Each structure stands twice: as structure tokens, then as C-alpha cells.
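Examining the three-dimensional arrangement
Read off the chains here:
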Amino acid sequence: MKTIHFKYVFGSLLLLLFICGCKGDPKKETTTTDTAKEAVADTKKQGQAFIADDGSTPNVLQIAIGSPDHSTLVAAVQAAELENALVNAGPLMVFAPTNAAFDALPEGTVEDLLKPENKEALANILKHHVTPGNYSKDFLKKFKKLGQANDQNTTVEVKGDDVFVGGAKIVASIPAGNGIVHVVDKVMLPPSE
């Protein structure tokens, strides 16, 4: 009888040790907690703009992000929270002002536009740089006006071989997976209403 009682006590003790040993690793719980904290911190970074994709042709946003000459434009797009709009299937034509084009604006303009309280005005200006379509610089010569994403129109002018959209000269064009990026030398401001 003592042997059977001893076996039950010993077996129960082993079972208890086994159950305690199988509990989650504290390091894993910390990692899960850290991951949850990161997810909460990145709640604004949702949507297809934040999906990593190294296999396809870069979209218009990825082209801008990869260009050292467009860091001000990228900062403006992020401040206006328009990243997801620039990665949709399109096709989109983005007239991308260079950093020098932003620098040519009156002093303090860019800094003022990047403030959270000016997000709507900034978004309007940036949308004025986007047109549905995927037209080359030469094909744009056939247009007189373009309808922009901010529901306003902008002019197209041809001077020799140069094409100007909204007064900004197209200095380069880069095909994108969802349209085309036309690099321009000026920030195109929407007409005052």
C-alpha cells in the first residue's frame, strides 16, 4: 500500500513539474508584448503603402522615396498622409517637384505647410500634382489642360521641346509600376478660388 501511495505522490510531482516547465517562455511573452506595443505605435502606418515588395516595378511613391532629390516631397506626402493614394493601381501621373523647387518657395512656406494644422492645404497642393493617366512627355504635348486629383485643372504648354505643366517644366520622366513620375522644376500651386 505504501508503494502505491508513493507512486501516486511521485507521479503527481512529476506531472506538476512537467506542467510548470511547459509554461510560456518569459522571453517570448516580452517579445509578444513588445510587438504589440510596436503595432500600437504604428497604427497610422496601415494600408498598401506600407507593404514591402521587392519583386515588382516600383510605384510612384517608391520612386520618390528612393530619390535623394525628392526628400521634401516625400516628407510632405507623409505629413498629408497621402502615401496610400500614391500606391493605388492607377495609372497615375505624378508631377514631382525637386527639393530645389520647394526651396524656391518663399522662406518658411514648406515648414508652415508641414504643420499638422495645415494638413488639408498641403494635401490640396500635393493632389494638384497628380493626374489620372500614364502619358509620356511627348504625348502631353497634345493637351491644353489636365484635370488634377484635387478637382482643379492645370495648363499644359509646349515651348520648343519643353513641356510645362502648371508652369513647371518637366525635366525627366520615370516609368512606375502604377503610372509615371514626371520630375518638375517648380511646385505647382493650385489656382486660388
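Bear in mind the structure is a predicted one, so any value in this text is a computation, not a measurement.

What about the overall build of the chain?
Helix and strand content of the chain: 8 helices and 7 strands. Scored against the burial criterion, the 193 residues of the chain give a buried share of 33%. Put simply, of all contacts in the chain between residues at least 6 apart along the chain, 63% involve residues at least 24 apart. When the accessible surface of the chain is summed, it comes to about 12,500 Å², and 58% of that surface belongs to carbon and sulfur atoms.

Topic: unusual backbone geometry
One non-glycine residue with positive phi stands out, namely Glu81, at about 55°. If you trace the backbone, Glu81 turns up in the loop between α4 (71–79) and β1 (92–97). A relative accessible area of 42% places Glu81 in the partly exposed class.

A look at the packing of aromatic side chains
The full count for this structure, using the stated rule, is 3 aromatic pairs. In textbook terms, an aromatic cluster arises when at least three aromatic residues are bridged by ring pairs, as seen for Tyr135, Phe139 and Phe143. For the cation-ring pair, Lys159 lies above Phe164, with the distance from its terminal atom to the ring centre recorded as 4.8 Å.

Details of the nonpolar core
If you look at the biggest cluster of nonpolar residues, it comprises 26 residues, and the most contacted ones within it are Val60, Val77, Leu86 and Leu126. For this core, the elements supplying multiple residues, two or more each, are α3 (60–65), α4, β1, α5 (99–103), α6 (109–113) and α7 (119–127). Among the elements that make up this core, the one with the highest residue count is α7 (4 residues). Excluding residues that lie within four positions of it along the chain, Leu126 makes contacts with Leu73, Ala76, Val77, Ala80 and Leu82. In this structure, Leu146, Val163, Val165 and Ala168 belong to the second largest nonpolar core, which totals 12 residues.

Side note on the side chain of Asn99
Assignment of secondary structure puts Asn99 in helix α5. For Asn99, the side chain forms a polar contact with the main-chain nitrogen of Thr72, separated by 2.9 Å.

Details of the sheet that holds strand β7 (residues 179–184)
Pairing within the open sheet is mixed, and its 7 strands lie in the order β2-β1-β7-β6-β5-β4-β3. Either end of the sheet is taken by a strand with one partner, and the two such strands are β2 (130–132) and β3 (145–147). Each strand axis lies, on average, 35° off the axis of its neighbour in the sheet, ignoring direction. Bridge count between strand β4 (residues 153–159) and strand β5 (residues 162–165): 4 bridges; the pairing is antiparallel. From the neighbouring strand, Glu157 faces β5, where its bridge partner is Phe164.

Points about the confidence of the model for the chain
Of all residues in the chain, 70% attain a pLDDT of 70 or more, and the chain-wide mean is 79. pLDDT under 50 marks residues 13–18. Its contacts with residues more than four places away, or in other chains, come to 0 contacts.

Focus: the packing of α4 against α7
For the pair α4 and α7, interaxial distance at closest approach is 9 Å and the crossing angle is 125°. Classified by the angle between their axes, α4 and α7 sit oblique to one another. For the pair α4 and α7, the crossing hand works out as left-handed. On α7, the residues that touch Leu73, Ala76, Val77 and Ala79 of α4 are Lys119, Leu122 and Leu126. Looking at the contact of α4 with α7 residue by residue, the classes come out as 6 nonpolar, no polar and 1 charged.

What counts and how
Residues numbered from 1 in each chain as written. Predicted model: local features only at pLDDT ≥ 70, side-chain atom pairs only at ≥ 80, totals over all residues. Heavy atoms only, no water. Helix = DSSP H or I, 4+ residues; strand = E, 2+ residues; numbered from the N terminus. Buried < 20%, exposed > 50% of the residue type's maximum accessible area, 1.4 Å probe, protein only. Contact = heavy atoms within 4.5 Å. Areas by Shrake-Rupley, 256 points an atom, 1.4 Å probe, with all protein chains shown as cover. Phe/Tyr/Trp six-rings, centres within 6.5 Å; stacked < 30°, edge-to-face > 60°. Lys NZ or Arg CZ within 6 Å of the ring centre and 35° of its normal. Core = buried A, V, L, I, M, F, W, Y, C linked by side-chain atoms within 4.5 Å. Polar contact = N/O pair within 3.5 Å; in protein donor to acceptor, adjacent residues only side chain to side chain. Pairing = 2+ DSSP bridges. Axes fitted to C-alpha atoms, helices over the stretch in contact; angles between N-to-C directions. pLDDT = per-residue confidence, 0-100. Parallel < 35°, antiparallel > 145°, perpendicular 65-115°, else oblique. Left-handed = near helix turned anticlockwise from the far one by under 90°. Nonpolar A, V, L, I, M, F, W, Y, C, P; charged D, E, K, R; others polar.

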